[in-house]
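Below are the chains, spelled out letter by letter.
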Amino acid sequence: MDFALNDDQRAIQDAARAFAEAELAPHSAQWDEDKHFPVDVLKAAAEMGFAGIYTGEEHGGMGLGRVEAALIFEELSRGDVATAAFISIHNMATWMIDKFGSDELRARFVPSLVGMEKIASYCLTEPGSGSDAAALRTTAVRDGDHYVLNGAKAFISGAGTSDVYVVMVRTGGEGPKGISTIVVEKDTPGLSFGANEKKMGWNAQPTAVVSFDDCRVPAANLVGEEGAGFKYAMAGLDGGRLNIAACSLGGARLALETAQEYVAGRKQFGQAIGQFQNTQFELADMATDLEAARLMVLRGAWAIDTGHAEKTKWCAMAKRLTTDACFQIADQALQLHGGYGYLKDYPLERIVRDLRVHRILEGTNEIMRVIVARELAR
(Lines give C-alpha, C1' and ligand atoms only; values in the text may rest on other atoms or scores of the structure.)
Protein backbone atom coordinates (compact mmCIF):
# COMPACT_ATOMS: atom_id res chain seq x y z
CA MET A 1 0.00 0.00 0.00
CA ASP A 2 1.66 3.17 -1.24
CA PHE A 3 0.03 6.52 -0.49
CA ALA A 4 2.62 8.57 -2.38
CA LEU A 5 1.82 10.23 -5.70
CA ASN A 6 4.13 9.36 -8.56
CA ASP A 7 6.07 11.97 -10.49
CA ASP A 8 3.44 12.27 -13.24
CA GLN A 9 0.64 12.72 -10.72
CA ARG A 10 2.56 15.41 -8.86
CA ALA A 11 3.20 17.22 -12.14
CA ILE A 12 -0.49 17.06 -13.04
CA GLN A 13 -1.43 18.32 -9.58
CA ASP A 14 1.06 21.19 -9.83
CA ALA A 15 -0.23 22.19 -13.27
CA ALA A 16 -3.83 22.25 -12.05
CA ARG A 17 -2.84 24.26 -8.97
CA ALA A 18 -0.96 26.82 -11.08
CA PHE A 19 -3.90 27.18 -13.47
CA ALA A 20 -6.36 27.64 -10.60
CA GLU A 21 -4.21 30.25 -8.90
CA ALA A 22 -3.70 32.23 -12.10
CA GLU A 23 -7.04 31.87 -13.90
CA LEU A 24 -9.72 31.02 -11.33
CA ALA A 25 -8.96 32.33 -7.85
CA PRO A 26 -8.45 36.02 -8.80
CA HIS A 27 -11.91 36.16 -10.43
CA SER A 28 -13.98 33.83 -8.26
CA ALA A 29 -15.69 36.48 -6.13
CA GLN A 30 -16.54 38.67 -9.12
CA TRP A 31 -17.94 35.76 -11.15
CA ASP A 32 -20.16 34.89 -8.21
CA GLU A 33 -21.29 38.50 -7.77
CA ASP A 34 -21.98 39.04 -11.49
CA LYS A 35 -23.33 35.53 -12.12
CA HIS A 36 -20.80 35.29 -14.94
CA PHE A 37 -20.17 32.01 -16.78
CA PRO A 38 -16.46 32.22 -17.74
CA VAL A 39 -16.54 30.37 -21.07
CA ASP A 40 -13.19 31.85 -22.10
CA VAL A 41 -11.58 30.37 -19.00
CA LEU A 42 -13.23 27.01 -19.68
CA LYS A 43 -11.60 27.00 -23.09
CA ALA A 44 -8.26 27.86 -21.48
CA ALA A 45 -8.76 24.89 -19.14
CA ALA A 46 -9.36 22.71 -22.20
CA GLU A 47 -5.99 23.80 -23.59
CA MET A 48 -4.50 22.26 -20.44
CA GLY A 49 -6.36 19.01 -21.18
CA PHE A 50 -8.90 19.51 -18.39
CA ALA A 51 -11.97 19.09 -20.63
CA GLY A 52 -11.16 15.46 -21.42
CA ILE A 53 -9.25 14.25 -18.39
CA TYR A 54 -10.32 10.59 -18.51
CA THR A 55 -11.62 10.57 -22.08
CA GLY A 56 -9.58 8.30 -24.35
CA GLU A 57 -6.60 9.58 -26.30
CA GLU A 58 -7.91 8.50 -29.71
CA HIS A 59 -9.94 11.67 -30.14
CA GLY A 60 -7.77 14.03 -28.12
CA GLY A 61 -8.52 13.20 -24.50
CA MET A 62 -5.81 12.89 -21.87
CA GLY A 63 -6.65 9.26 -21.13
CA LEU A 64 -5.85 9.66 -17.44
CA GLY A 65 -7.35 7.76 -14.53
CA ARG A 66 -9.86 8.84 -11.92
CA VAL A 67 -7.12 9.34 -9.34
CA GLU A 68 -5.59 12.02 -11.56
CA ALA A 69 -9.05 13.51 -12.13
CA ALA A 70 -9.60 13.78 -8.37
CA LEU A 71 -6.27 15.54 -7.96
CA ILE A 72 -7.15 18.00 -10.73
CA PHE A 73 -10.64 18.81 -9.47
CA GLU A 74 -9.45 19.41 -5.92
CA GLU A 75 -6.92 21.95 -7.19
CA LEU A 76 -9.33 23.65 -9.62
CA SER A 77 -12.04 23.97 -6.97
CA ARG A 78 -9.65 25.61 -4.57
CA GLY A 79 -9.58 28.36 -7.20
CA ASP A 80 -13.32 28.38 -7.85
CA VAL A 81 -15.78 25.69 -6.81
CA ALA A 82 -18.55 26.50 -9.29
CA THR A 83 -16.29 26.60 -12.35
CA ALA A 84 -14.45 23.43 -11.36
CA ALA A 85 -17.78 21.68 -10.81
CA PHE A 86 -18.96 22.63 -14.28
CA ILE A 87 -15.74 21.31 -15.82
CA SER A 88 -16.41 18.05 -13.97
CA ILE A 89 -19.89 17.81 -15.51
CA HIS A 90 -18.49 18.48 -18.98
CA ASN A 91 -15.95 15.70 -18.42
CA MET A 92 -18.68 13.26 -17.39
CA ALA A 93 -20.81 13.98 -20.46
CA THR A 94 -17.84 13.80 -22.81
CA TRP A 95 -16.68 10.52 -21.31
CA MET A 96 -20.13 8.96 -21.76
CA ILE A 97 -20.07 9.68 -25.50
CA ASP A 98 -16.50 8.42 -25.82
CA LYS A 99 -17.08 5.31 -23.69
CA PHE A 100 -20.42 4.11 -25.03
CA GLY A 101 -20.95 5.86 -28.38
CA SER A 102 -20.40 4.36 -31.82
CA ASP A 103 -17.16 5.08 -33.67
CA GLU A 104 -19.03 7.56 -35.88
CA LEU A 105 -20.62 9.36 -32.91
CA ARG A 106 -17.33 9.55 -31.06
CA ALA A 107 -15.50 10.93 -34.10
CA ARG A 108 -18.24 13.51 -34.64
CA PHE A 109 -18.44 14.90 -31.12
CA VAL A 110 -15.49 14.01 -28.92
CA PRO A 111 -12.71 16.07 -30.61
CA SER A 112 -14.65 19.32 -30.28
CA LEU A 113 -15.66 18.50 -26.70
CA VAL A 114 -12.16 17.76 -25.41
CA GLY A 115 -11.04 21.05 -26.93
CA MET A 116 -14.18 22.78 -25.62
CA GLU A 117 -14.97 24.21 -29.00
CA LYS A 118 -18.28 22.73 -27.87
CA ILE A 119 -19.49 22.59 -24.26
CA ALA A 120 -21.51 19.65 -22.93
CA SER A 121 -24.30 19.26 -20.38
CA TYR A 122 -25.65 16.12 -18.69
CA CYS A 123 -29.46 15.82 -18.65
CA LEU A 124 -31.00 13.25 -16.31
CA THR A 125 -33.07 15.03 -13.62
CA GLU A 126 -36.64 16.05 -14.45
CA PRO A 127 -39.21 18.19 -12.63
CA GLY A 128 -41.00 15.01 -11.54
CA SER A 129 -38.06 12.63 -11.12
CA GLY A 130 -35.07 13.57 -9.04
CA SER A 131 -33.87 10.82 -6.74
CA ASP A 132 -36.18 8.37 -8.54
CA ALA A 133 -34.25 8.85 -11.77
CA ALA A 134 -35.54 5.63 -13.36
CA ALA A 135 -39.04 7.16 -13.35
CA LEU A 136 -38.09 9.80 -15.93
CA ARG A 137 -40.81 10.75 -18.42
CA THR A 138 -39.01 12.47 -21.31
CA THR A 139 -39.79 10.31 -24.33
CA ALA A 140 -37.96 9.58 -27.56
CA VAL A 141 -40.15 7.92 -30.19
CA ARG A 142 -38.48 6.46 -33.29
CA ASP A 143 -39.73 8.02 -36.53
CA GLY A 144 -37.74 6.77 -39.50
CA ASP A 145 -34.14 7.84 -39.14
CA HIS A 146 -34.94 10.23 -36.27
CA TYR A 147 -36.13 10.17 -32.67
CA VAL A 148 -38.82 12.66 -31.67
CA LEU A 149 -38.25 13.94 -28.12
CA ASN A 150 -40.88 15.39 -25.80
CA GLY A 151 -40.46 16.34 -22.16
CA ALA A 152 -38.25 18.45 -19.92
CA LYS A 153 -35.11 18.23 -17.81
CA ALA A 154 -34.55 20.30 -14.66
CA PHE A 155 -31.54 21.83 -12.91
CA ILE A 156 -29.31 21.44 -15.96
CA SER A 157 -25.91 23.08 -15.57
CA GLY A 158 -24.89 25.00 -18.69
CA ALA A 159 -28.43 25.01 -20.10
CA GLY A 160 -28.75 27.55 -22.88
CA THR A 161 -25.00 28.00 -23.25
CA SER A 162 -23.84 24.42 -23.81
CA ASP A 163 -23.68 23.16 -27.37
CA VAL A 164 -24.24 19.46 -26.68
CA TYR A 165 -26.77 17.81 -24.34
CA VAL A 166 -26.35 14.19 -23.29
CA VAL A 167 -29.98 13.32 -22.55
CA MET A 168 -31.53 10.30 -20.87
CA VAL A 169 -34.87 9.52 -22.50
CA ARG A 170 -37.54 6.84 -22.41
CA THR A 171 -37.58 4.75 -25.59
CA GLY A 172 -39.27 1.69 -24.07
CA GLY A 173 -41.40 0.61 -21.13
CA GLU A 174 -41.35 1.64 -17.50
CA GLY A 175 -38.25 1.33 -15.36
CA PRO A 176 -34.53 1.55 -16.07
CA LYS A 177 -34.53 -0.89 -19.00
CA GLY A 178 -36.73 1.47 -21.00
CA ILE A 179 -34.19 4.31 -20.86
CA SER A 180 -31.75 5.28 -23.61
CA THR A 181 -29.16 8.03 -24.02
CA ILE A 182 -29.12 10.40 -26.96
CA VAL A 183 -27.04 13.44 -27.91
CA VAL A 184 -28.98 16.61 -28.76
CA GLU A 185 -27.29 19.62 -30.33
CA LYS A 186 -28.15 23.15 -29.25
CA ASP A 187 -29.74 24.45 -32.45
CA THR A 188 -32.06 21.47 -32.94
CA PRO A 189 -35.63 22.67 -33.64
CA GLY A 190 -37.91 21.94 -30.70
CA LEU A 191 -35.15 22.39 -28.11
CA SER A 192 -35.64 25.35 -25.75
CA PHE A 193 -34.44 26.60 -22.39
CA GLY A 194 -36.05 28.16 -19.35
CA ALA A 195 -34.86 31.22 -17.48
CA ASN A 196 -31.64 30.97 -15.50
CA GLU A 197 -32.50 29.75 -12.00
CA LYS A 198 -31.81 32.08 -9.06
CA LYS A 199 -29.61 29.91 -6.89
CA MET A 200 -28.02 30.01 -3.46
CA GLY A 201 -24.62 29.15 -4.93
CA TRP A 202 -22.89 27.97 -8.09
CA ASN A 203 -23.58 31.42 -9.54
CA ALA A 204 -20.64 31.18 -11.95
CA GLN A 205 -22.57 28.71 -14.10
CA PRO A 206 -26.09 28.88 -15.53
CA THR A 207 -28.77 26.40 -14.44
CA ALA A 208 -32.10 26.08 -16.24
CA VAL A 209 -34.84 23.79 -17.51
CA VAL A 210 -34.20 22.12 -20.88
CA SER A 211 -37.41 21.44 -22.83
CA PHE A 212 -38.11 19.21 -25.82
CA ASP A 213 -41.20 19.87 -27.95
CA ASP A 214 -41.35 17.46 -30.91
CA CYS A 215 -37.57 17.80 -31.04
CA ARG A 216 -36.30 15.68 -33.95
CA VAL A 217 -32.87 14.18 -33.34
CA PRO A 218 -31.02 11.92 -35.79
CA ALA A 219 -31.12 8.26 -34.75
CA ALA A 220 -27.36 8.27 -35.34
CA ASN A 221 -27.09 10.38 -32.18
CA LEU A 222 -28.14 7.44 -30.00
CA VAL A 223 -25.37 6.58 -27.53
CA GLY A 224 -24.77 2.84 -27.56
CA GLU A 225 -27.84 0.62 -27.52
CA GLU A 226 -31.50 1.33 -26.89
CA GLY A 227 -32.46 0.41 -23.34
CA ALA A 228 -28.93 0.75 -21.96
CA GLY A 229 -29.09 4.46 -21.18
CA PHE A 230 -29.74 4.13 -17.46
CA LYS A 231 -26.71 1.89 -17.12
CA TYR A 232 -24.62 4.48 -18.98
CA ALA A 233 -25.98 7.27 -16.79
CA MET A 234 -25.13 5.41 -13.59
CA ALA A 235 -21.64 4.59 -14.86
CA GLY A 236 -21.15 8.28 -15.52
CA LEU A 237 -22.37 9.10 -12.03
CA ASP A 238 -19.86 6.81 -10.30
CA GLY A 239 -17.12 9.09 -11.57
CA GLY A 240 -19.28 12.20 -11.33
CA ARG A 241 -19.78 11.60 -7.62
CA LEU A 242 -16.05 11.42 -7.09
CA ASN A 243 -15.56 14.57 -9.16
CA ILE A 244 -18.01 16.56 -7.09
CA ALA A 245 -16.51 15.16 -3.89
CA ALA A 246 -13.09 16.29 -5.09
CA CYS A 247 -14.54 19.73 -5.77
CA SER A 248 -15.71 19.77 -2.15
CA LEU A 249 -12.17 18.99 -1.03
CA GLY A 250 -10.78 22.04 -2.79
CA GLY A 251 -13.38 24.40 -1.39
CA ALA A 252 -12.94 23.04 2.14
CA ARG A 253 -9.18 23.24 1.85
CA LEU A 254 -9.36 26.92 0.96
CA ALA A 255 -11.76 27.48 3.86
CA LEU A 256 -9.41 25.77 6.29
CA GLU A 257 -6.37 27.67 5.05
CA THR A 258 -8.26 30.95 5.25
CA ALA A 259 -9.33 30.17 8.82
CA GLN A 260 -5.79 29.27 9.86
CA GLU A 261 -4.51 32.59 8.58
CA TYR A 262 -7.33 34.53 10.20
CA VAL A 263 -7.05 33.03 13.69
CA ALA A 264 -3.30 33.65 13.72
CA GLY A 265 -3.89 37.38 13.35
CA ARG A 266 -7.23 38.01 15.06
CA LYS A 267 -6.77 39.02 18.72
CA GLN A 268 -9.36 38.81 21.48
CA PHE A 269 -8.87 38.78 25.26
CA GLY A 270 -5.25 39.83 24.78
CA GLN A 271 -4.07 37.10 22.45
CA ALA A 272 -4.53 35.63 18.99
CA ILE A 273 -7.63 33.44 18.98
CA GLY A 274 -5.51 30.74 17.35
CA GLN A 275 -3.74 30.36 20.70
CA PHE A 276 -6.90 29.22 22.45
CA GLN A 277 -7.02 25.46 22.82
CA ASN A 278 -10.63 25.34 21.64
CA THR A 279 -9.63 26.96 18.36
CA GLN A 280 -6.66 24.61 17.99
CA PHE A 281 -8.89 21.58 18.56
CA GLU A 282 -11.39 22.83 15.98
CA LEU A 283 -8.66 23.30 13.39
CA ALA A 284 -7.25 19.87 14.20
CA ASP A 285 -10.63 18.24 13.68
CA MET A 286 -11.19 20.14 10.42
CA ALA A 287 -7.78 19.07 9.09
CA THR A 288 -8.38 15.45 10.14
CA ASP A 289 -11.81 15.33 8.51
CA LEU A 290 -10.42 16.84 5.32
CA GLU A 291 -7.65 14.27 5.14
CA ALA A 292 -10.04 11.38 5.83
CA ALA A 293 -12.38 12.62 3.11
CA ARG A 294 -9.52 12.88 0.63
CA LEU A 295 -8.50 9.29 1.31
CA MET A 296 -12.08 8.13 0.68
CA VAL A 297 -12.16 9.97 -2.64
CA LEU A 298 -8.85 8.48 -3.74
CA ARG A 299 -9.99 5.01 -2.74
CA GLY A 300 -13.13 5.38 -4.84
CA ALA A 301 -11.04 6.65 -7.74
CA TRP A 302 -8.71 3.67 -7.39
CA ALA A 303 -11.74 1.35 -7.43
CA ILE A 304 -12.94 2.77 -10.76
CA ASP A 305 -9.46 2.69 -12.26
CA THR A 306 -9.01 -0.96 -11.30
CA GLY A 307 -12.56 -2.03 -12.16
CA HIS A 308 -13.19 -3.19 -8.59
CA ALA A 309 -16.49 -4.98 -8.05
CA GLU A 310 -17.41 -2.64 -5.18
CA LYS A 311 -16.61 0.60 -6.99
CA THR A 312 -20.21 1.88 -6.91
CA LYS A 313 -20.41 1.40 -3.15
CA TRP A 314 -17.08 3.10 -2.51
CA CYS A 315 -17.94 6.02 -4.79
CA ALA A 316 -21.24 6.49 -2.95
CA MET A 317 -19.46 6.29 0.41
CA ALA A 318 -16.88 8.83 -0.70
CA LYS A 319 -19.45 11.24 -2.07
CA ARG A 320 -21.61 11.09 1.07
CA LEU A 321 -18.78 11.41 3.57
CA THR A 322 -16.78 14.01 1.65
CA THR A 323 -19.55 16.42 0.75
CA ASP A 324 -20.97 16.32 4.28
CA ALA A 325 -17.57 16.73 5.93
CA CYS A 326 -16.37 19.49 3.62
CA PHE A 327 -19.53 21.52 4.06
CA GLN A 328 -19.07 21.29 7.82
CA ILE A 329 -15.41 22.32 7.50
CA ALA A 330 -16.40 25.39 5.46
CA ASP A 331 -19.18 26.26 7.91
CA GLN A 332 -16.81 25.95 10.87
CA ALA A 333 -14.23 28.10 9.09
CA LEU A 334 -16.92 30.76 8.69
CA GLN A 335 -17.77 30.42 12.39
CA LEU A 336 -14.15 31.00 13.37
CA HIS A 337 -14.29 34.30 11.49
CA GLY A 338 -17.29 35.45 13.53
CA GLY A 339 -19.26 38.23 11.84
CA TYR A 340 -16.50 38.76 9.28
CA GLY A 341 -17.09 35.30 7.87
CA TYR A 342 -20.60 36.38 6.93
CA LEU A 343 -19.27 39.20 4.77
CA LYS A 344 -18.38 38.91 1.11
CA ASP A 345 -15.01 40.49 1.86
CA TYR A 346 -13.96 36.97 2.79
CA PRO A 347 -14.46 33.82 0.66
CA LEU A 348 -16.12 31.78 3.40
CA GLU A 349 -19.76 32.62 2.74
CA ARG A 350 -19.27 31.89 -0.98
CA ILE A 351 -17.62 28.56 -0.27
CA VAL A 352 -20.45 27.58 2.09
CA ARG A 353 -23.05 28.51 -0.53
CA ASP A 354 -21.21 26.66 -3.30
CA LEU A 355 -20.53 23.49 -1.31
CA ARG A 356 -24.08 23.16 -0.01
CA VAL A 357 -25.45 21.82 -3.30
CA HIS A 358 -22.82 19.07 -3.46
CA ARG A 359 -24.85 17.18 -0.86
CA ILE A 360 -27.80 17.19 -3.27
CA LEU A 361 -26.55 16.74 -6.83
CA GLU A 362 -25.09 13.63 -8.49
CA GLY A 363 -27.50 11.76 -6.21
CA THR A 364 -28.51 13.17 -2.84
CA ASN A 365 -26.57 12.00 0.19
CA GLU A 366 -29.70 10.17 1.28
CA ILE A 367 -29.57 8.20 -1.97
CA MET A 368 -25.87 7.52 -1.32
CA ARG A 369 -26.96 5.83 1.89
CA VAL A 370 -29.54 3.80 -0.05
CA ILE A 371 -26.82 2.62 -2.44
CA VAL A 372 -24.44 1.67 0.37
CA ALA A 373 -27.18 -0.09 2.34
CA ARG A 374 -28.24 -2.05 -0.74
CA GLU A 375 -24.67 -3.14 -1.38
CA LEU A 376 -24.21 -4.17 2.26
CA ALA A 377 -27.33 -6.36 2.07
CA ARG A 378 -26.01 -8.41 -0.86
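Up top is the structure these notes are about.
Conventions adopted
Residues numbered from 1 in each chain as written. Predicted model: local features only at pLDDT ≥ 70, side-chain atom pairs only at ≥ 80, totals over all residues. Heavy atoms only, no water. Core = buried A, V, L, I, M, F, W, Y, C linked by side-chain atoms within 4.5 Å. Buried < 20%, exposed > 50% of the residue type's maximum accessible area, 1.4 Å probe, protein only. Helix = DSSP H or I, 4+ residues; strand = E, 2+ residues; numbered from the N terminus. Contact = heavy atoms within 4.5 Å. Phe/Tyr/Trp six-rings, centres within 6.5 Å; stacked < 30°, edge-to-face > 60°. Lys NZ or Arg CZ within 6 Å of the ring centre and 35° of its normal.

## Side note on the nonpolar core
Counting 88 residues, the largest nonpolar core has Phe73, Leu76, Ile97, Tyr122, Met168 and Trp202 as the members making the most contacts within it. With 16 residues, helix H7 (residues 229–265) is the single largest residue contributor to this core. In this structure Met168 touches Met96, Tyr122, Cys123, Leu124, Leu136, Thr138, Lys153, Ile179, Ser180, Thr181, Gly229 and Ala233, once residues within four positions along its chain are discounted. Ranked by size, the runner-up nonpolar core spans 19 residues in total, among them Ala140, Ile156, Ala159 and Leu222.

## Let's talk about the packing of aromatic side chains
A complete count under the given rule lists nine aromatic pairs for this structure. On the basis of an interplanar angle of 80° and a centroid distance of 6.0 Å, the ring pair of Phe19 and Phe50 is categorised as edge-to-face. Of this pair, Phe19 sits in helix H1 (residues 7–24) while Phe50 sits in the loop between helix H3 (39–47) and helix H4 (66–79); the two residues are 31 residues apart in sequence, bridging distant segments of the chain. We note that Phe19, like Phe50, is buried. Their ring planes at 15° and their centres at 4.2 Å tell us that Phe100 and Tyr232 sit as a pair that is stacked. Highlighted residues: Phe100 in helix H5 (residues 81–100) and Tyr232 in helix H7, separated in sequence by 132 residues. In this structure Tyr232 comes out as buried when scored by relative accessible area, which is 6%. Members of the aromatic cluster, connected to one another through ring pairs, are Tyr54, Trp95, Phe100 and Tyr232. A cation sits over an aromatic face here: Arg66 above Trp95, 4.9 Å from the ring centre. Of note, Arg299 hangs over the ring of Trp314, and the distance from its end group to the ring centre comes to 3.8 Å.

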